[in-house]
Amino acid sequence: MKVLMLSTSDIEGGAARATYRLHQGLQKAGVESQILVRTQLSDDPSVIGPNNKIKEQLAHLRTTLDNLPLQLQRQRDRTIFSLQWFPDIVAPKVNQINPDIINLHWINFGFVKIETLAKLNKPLVWTLHDMWAFTGGCHYNEECDRYTQSCGNCPQLKSEKNQDLSRWVWQRKAKAWQNLNLTVVTPSKWLAECAKASSLFKNTPVEVIPNGIDTEKYRPINKQIARELLKLPTDKQLLLFGSMKATSDRRKGFHLLQPALQNLIQSSWDNKLELVVFGSSQSNRNDLGVKVHYLGQLNDDISIALAYAAADAFVLPSVQDNLPNTIMEAIACGTPCVAFNIGGMPDLIEHQQNGYLAQAYKSEDLAQGIAWVLENKERHQKLCINARKTAEQQFAQQQQASSYLSLFEQILNR
């Protein structure tokens, strides 16, 4: 079986990392797997990307051109919004590779035009890393339900017209994709329910297959050694927070972490707790109430695993999220997690068994969860053991690869 994955990047960003892990899992299972990307950062020969500087520059120029119509929406939210209208060069490359099945992943930043999918002429399995595939351009809907109809009057565009860019994107998808040989895969149960409720995918098969992780790369490491290597204090309890654009991406909830930390400082945690942040070098918030250690961008598995191992707990107060790599990586390293009970978080965190699920958007309960995880040494140790067991039993890379392989075989044998 020859599998071709399409992904904007091979290792940059959470969706790309999840894609690359699946690719590695399939290769270990004996599958001939390749990834076609817009931006190649690894030297893996099974990743196919621009092979010279001119092609790399053209790929990035395509992103800029694809975004041009958004420049007219001057009042819009500064969240990511993808139109995917600019012509691409993907179909000829796919035809040249001639795979048996195509596994789409995160294909935005102008990488794959919406209409191109109908030209690929192969069975498609689309692994969703957010909501873009079934919306009029947004990647997370926030509180809007227009994706269940036909979009338009888009709140993220600050539009008051039905015939706006979001309706245009939705109509293009509806027209181009009506005869696709498509199966949708979501990593979380929450995203599956959203896809089934959408107007675009309501009649499309939707499967739930969790992302997988290499539990040998992400595993418990001696806490003292990890802290010494990262130059972190060894006499404090450390709370870790991190993601891409950790402090600036509002969806990741840094603004909700601030009052939770202040709550903790006011209730006897002063001088006991310090915060470690990766994915950002600094923040414009100087009033967190605790000392903060910024690790900046961590791009390799060893550094990321060390950060989780150094922490006593990981917190991710996202307001919307699918199945975050960071939570999965943390539990694989035996680090209990605290998050809001939203999106795919309940798929990863079992409340008071391997972490704590706080009431959605309630900073005071987030603070209570952090305290509950940290305050009792014996309980904390049990949470660490359970976190690691969860990763080994439910999210091992081999399980994910096996589930995808079964799905691919099922589709090809129809």
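Check the entry above for the structure.
Residues numbered from 1 in each chain as written. Predicted model: local features only at pLDDT ≥ 70, side-chain atom pairs only at ≥ 80, totals over all residues. Heavy atoms only, no water.

A. Looking closely at the overall build of the protein chain. Scanning the protein chain for helices and strands turns up 13 helices and 13 strands. With the C-alpha coordinates aligned to their principal axes, the bounding extent of the protein chain is approximately 60 × 50 × 40 Å. Sequence-distant contacts, at least 24 apart, represent 65% of the contacts inside the protein chain between residues at least 6 apart. Accessible area of the protein chain: about 18,400 Å², with a carbon and sulfur share of 46%. Seen as two clouds, the 45 positive and the 40 negative side-chain charges of the protein chain have centres 4 Å apart. (Helix = DSSP H or I, 4+ residues; strand = E, 2+ residues; numbered from the N terminus. Contact = heavy atoms within 4.5 Å. Areas by Shrake-Rupley, 256 points an atom, 1.4 Å probe, with all protein chains shown as cover. Lys, Arg positive; Asp, Glu negative; His and termini not counted. Charge placed at Lys NZ, Arg CZ, Asp CG, Glu CD.)

B. Spotlight on the pairing of strand β4 (residues 101-104). Burial of the side chains of β4 extends over both faces: I101 and N103 are buried on one face and I102 and L104 on the other. Of the pairings in the sheet, the one linking strand β1 (residues 2-9) to β4 comprises four bridges and is parallel in character. Paired with L4 across the strands is I102, a residue of β4. Inspection of the sheet shows β4 paired to strand β5 (residues 124-127) by three bridges, in the parallel sense. The residue of β5 that forms the bridge with L104 is W126. (Buried < 20%, exposed > 50% of the residue type's maximum accessible area, 1.4 Å probe, protein only. Pairing = 2+ DSSP bridges.)

C. Focus on the sheet that holds strand β3 (residues 47-48). Pairing is parallel in the open sheet, where seven strands are placed in the order β3-β2-β1-β4-β5-β6-β7. Both outer strands of the open sheet, β3 and β7 (206-208), are each paired with one neighbouring strand and no more. Sheet strands touched by helix α3 (residues 90-97): β1, β2 (32-39), β3 and β4. Its angle to β1, the strand with the most contacts, is close to 155 degrees. (Axes fitted to C-alpha atoms, helices over the stretch in contact; angles between N-to-C directions.)

D. Spatial organisation of a nonpolar patch on the surface. Taken together, the side chains of I54, L58 and L61 make up a nonpolar region of the molecular surface, amounting to roughly 290 Å² of accessible area. Positionally, L61 belongs in helix α2 (residues 53-66). (Patch = residues over 30% accessible without salt bridge, like charges linked within 9 Å, V, L, I, M, F, W, Y side chains within 5 Å. Salt bridge = Lys/Arg side-chain N within 4 Å of Asp/Glu carboxyl O.)

E. Representation of the pattern of salt bridges. Following the criterion strictly, the structure yields 13 salt bridges and no others. When the shortest N-O distance is used, the salt bridge between K217 and D301 registers 3.6 Å. Of the two residues, K217 is situated in the loop between β7 and α6 (223-230) and D301 in helix α8 (residues 301-310); the sequence distance between them amounts to 84 residues. Judged by relative accessible area, K217 falls into the partly exposed class, the value being 38%. Each of R17, R21 and E329 takes part in one network of salt bridges that share partners.

F. Inspection of the packing of helix α11 (residues 363-374) against helix α12 (residues 377-394) at higher detail. Two elements in contact, α11 and α12, have axes whose closest approach is 7 Å; the angle formed by their N-to-C orientations is 95 degrees. When the axis of α11 is compared with that of α12, the two are roughly perpendicular. In contact with W372, V373 and L374 of α11, α12 contributes R379, H380 and L383. Here the residues of the contact of α11 with α12 sort into four nonpolar, one polar and one charged. (Parallel < 35°, antiparallel > 145°, perpendicular 65-115°, else oblique. Nonpolar A, V, L, I, M, F, W, Y, C, P; charged D, E, K, R; others polar.)

G. Region of the structure containing the nonpolar core. Grouped together as the largest cluster of nonpolar side chains are 66 residues, with contacts concentrated most on L261, L275, Y308 and F314. Residues within four places of L261 in sequence aside, it is in contact with L239, L273, L275, L288 and V290. Ranked by size, the runner-up nonpolar core spans 46 residues in total, among them L104, W126, A176 and L182. (Core = buried A, V, L, I, M, F, W, Y, C linked by side-chain atoms within 4.5 Å.)

H. Geometry of the packing of aromatic side chains. Summed over all chains, the structure comprises 15 aromatic pairs. Centre to centre, the rings of Y356 and W372 are 6.1 Å apart; their planes meet at 45 degrees, and the pair counts as tilted. Highlighted residues: Y356 in strand β13 (residues 355-358) and W372 in helix α11, separated in sequence by 16 residues. Per residue, the accessibility class of Y356 equals that of W372, and both read buried. Lying across the ring of W132, K173 places its NZ or CZ 3.7 Å from the centre. Lying across the ring of W269, K272 places its NZ or CZ 5.7 Å from the centre. (Phe/Tyr/Trp six-rings, centres within 6.5 Å; stacked < 30°, edge-to-face > 60°. Lys NZ or Arg CZ within 6 Å of the ring centre and 35° of its normal.)

I. Region of interest: the sheet that holds strand β12 (residues 337-340). With respect to topology, six strands assemble into an open sheet ordered β10-β9-β8-β11-β12-β13, the strand pairing being parallel. What marks the edges here is a single partner per strand, and that holds for β10 (292-296) and β13. Between one strand axis and the next, the sheet turns through 20 degrees on average, direction left out of account. α11 contacts β8 (237-242), β9 (273-278), β11 (313-316), β12 and β13 of the sheet and is inclined by roughly 170 degrees relative to β13.

J. Here's a closer look at unusual backbone geometry. If you check the backbone angles, C151 has positive phi at about 55 degrees while not being a glycine. A positive phi angle is found at Y361, which is not glycine, with a value near 65 degrees. Of note, Y361 is situated in the loop between β13 and α11.

K. A look at the state of the cysteines. Overall, the coordinates contain zero disulfides when judged by the stated rule. Not engaged in a disulfide, the cysteine C151 finds its nearest cysteine sulfur in C144; these two sulfurs lie 6.5 Å apart. Free cysteine C337: the closest other cysteine sulfur is in C333, separated by 9.7 Å. (Disulfide = S-S within 2.5 Å.)

L. A look at helix α9 (residues 325-332). In terms of burial, α9 is a largely internal element, eight of the eight residues being buried. Among the residues of α9, N325, T326, I327, M328, E329, A330, I331 and A332 are the ones counted as buried. Two residues or fewer after α9 comes G334, characterised by a positive phi angle close to 75 degrees.

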